[in-house]
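So the chains spell out like this:
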Amino acid sequence: MVHYKLIYFPLRARAEIARQIFAYAGKDYNEEIITFEKWPALKNSTPFGQLPVLEVDGKPLGQSYAIARYLAKEFGIAGKNEIEEAEVDAIADQFKDYLNDVVPYLTALSGLKPGDVNQLRTDVFVPNFKKHFAFFENILSSNPSGLFVGNDLTWVDLLISQHVQEVLERDLAVVEEFKKVLAHRKKVQSLDRIKQHIARRPEYPF
């Protein structure tokens, strides 16, 4: 039996997609929480000087999307064939582009960096959210399953539905026009194992 250990800070953030993949697949794993005080001493021992890291039988794997893709393939939620896998990866990469575009707002909102949150919401977050989520709305509109790719859940469904939930908790106005995106979030987070995971996960700030 393969032994998995997920290593991350006391946050949802970049490790939550791996946690939800484990939850959906019903697979056991250990998690090591690294406090911010301990992190500087451990940073150079990680593959890329950052977290999360997934240890697979002791072998470390870095980068959250690489971890998610690996786990999704292991547990059968990466896409049913090569073209579906490519479609999933394309949507995930587009979502990463969106996150890169809104980093100034998200870091100010979370208190990680200084910034005028209200101004950044207006100038950075809202226009980029609307731009990128228009793409996601169109993709969902073209798929009768209500999912992003094919007829079965893939890891990108978990990835984006979690972010939409985070936005709903803070900023309903920006997302309410995207009806398919909202329905998708509800569909995915109503799945029994995901619903149970969300109910029992720690109350991290983000």
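Please read all numbers here as calculations on a predicted model, not as lab measurements. (Residues numbered from 1 in each chain as written. Predicted model: local features only at pLDDT ≥ 70, side-chain atom pairs only at ≥ 80, totals over all residues. Heavy atoms only, no water.)

The next subject is the overall build of the protein. Along the backbone of the protein there are nine helices and four strands. Reading the protein from its N end, one meets helices and strands in the order β-α-β-α-β-β-α-α-α-α-α-α-α. Taking 206 residues into account, the globule formula puts the C-alpha radius of gyration at 17 Å, and the protein, at 17 Å, falls close to it. Counting only C-alpha atoms and orienting by the principal axes, one finds that the protein spans roughly 45 × 45 × 30 Å. Intrachain contacts of the protein at a sequence separation of at least 6 include 67% that bridge at least 24 residues. When the accessible surface of the protein is summed, it comes to about 11000 Å², and 51% of that surface belongs to carbon and sulfur atoms. Averaging the positions of the 26 positive and the 28 negative side-chain charges in the protein gives two centres separated by 3 Å. (Helix = DSSP H or I, 4+ residues; strand = E, 2+ residues; numbered from the N terminus. Rg over C-alpha atoms; globule rule 2.2 N^0.38 Å. Contact = heavy atoms within 4.5 Å. Areas by Shrake-Rupley, 256 points an atom, 1.4 Å probe, with all protein chains shown as cover. Lys, Arg positive; Asp, Glu negative; His and termini not counted. Charge placed at Lys NZ, Arg CZ, Asp CG, Glu CD.)

A separate point is the packing of aromatic side chains. Within the structure shown, the criterion is met by 19 aromatic pairs. With 4.1 Å between their ring centres and 10° between their planes, F129 and F133 make a pair best called stacked. Here the residue F129 and the residue F133 both occupy positions in helix α5 (residues 117-141), the gap between them amounting to four residues, near one helical turn. Grouped by ring-pair contacts, the aromatic residues F95, Y98, Y105, F125, F129, F133, F136, F148 and F178 constitute a single cluster. (Phe/Tyr/Trp six-rings, centres within 6.5 Å; stacked < 30°, edge-to-face > 60°.)

Let's shift gears to the UniProt feature "domain: GST N-terminal" (unreviewed entry) in the protein. The feature "domain: GST N-terminal" (unreviewed entry), as annotated in UniProt, sits at residues 2-79 in this numbering. With 33% helix and 22% strand, residues 2-79 has end C-alpha atoms that lie 22 Å from one another. (UniProt positions renumbered as here; feature names shortened; annotations may be inferred.)

Another point: the layout of surface pockets. Considering only enclosed or pocket space, the largest pocket measures out at about 1300 Å³ in volume. When grouped by side-chain class, the residues that make up the lining of the largest pocket number 22 nonpolar, nine polar and nine charged. The space that makes up the second largest pocket amounts to roughly 290 Å³. Contributions of two or more residues to the lining of the second largest pocket are made by α1 (16-25) and α9 (192-200). Per-class residue counts for the lining of the second largest pocket are five nonpolar, three polar and nine charged. (1 Å grid on protein atoms, 1.4 Å probe; cavity = no way out; pocket = protein on both sides within 12 Å on 5 of 7 lines; lining within 4 Å. Points joined across faces, edges and corners; volume = space filled by probe spheres on them. Nonpolar A, V, L, I, M, F, W, Y, C, P; charged D, E, K, R; others polar.)

Spatial strand order, β2-β1-β3-β4: four strands in an open sheet with mixed pairing. Each edge of the open sheet carries a strand with a single partner, namely β2 (30-33) and β4 (59-62). Within the sheet, the average angular offset between the axes of one strand and its neighbour, ignoring direction, is 25°. Relative to strand β3 (residues 53-56), strand β1 (residues 4-8) runs antiparallel, the two sharing four bridges. Each residue of the ladder has a partner; that of Y4, found in β3, is V56. (Pairing = 2+ DSSP bridges. Axes fitted to C-alpha atoms, helices over the stretch in contact; angles between N-to-C directions.)

Counting residues in hydrophobic clusters, the biggest one holds 58 residues, and the most contacted among them are I21, L71, F125, F129, F133, W155 and I160. Residue assignment places this core across two domains, with domain 1 (4-76 + 194-200) and domain 2 (82-190) each supplying three or more. Beyond its immediate stretch of four places on either side in the chain, F133 contacts F95, Y98, I160, H163, V164, F178 and V181. (Core = buried A, V, L, I, M, F, W, Y, C linked by side-chain atoms within 4.5 Å. Buried < 20%, exposed > 50% of the residue type's maximum accessible area, 1.4 Å probe, protein only. Domains from an automatic or database assignment.)

The sites that UniProt annotates as "domain: GST C-terminal" (unreviewed entry) are residues 81-206. Across residues 81-206 one finds 74% helix and 0% strand; the C-alpha atoms that close the span lie 34 Å apart.

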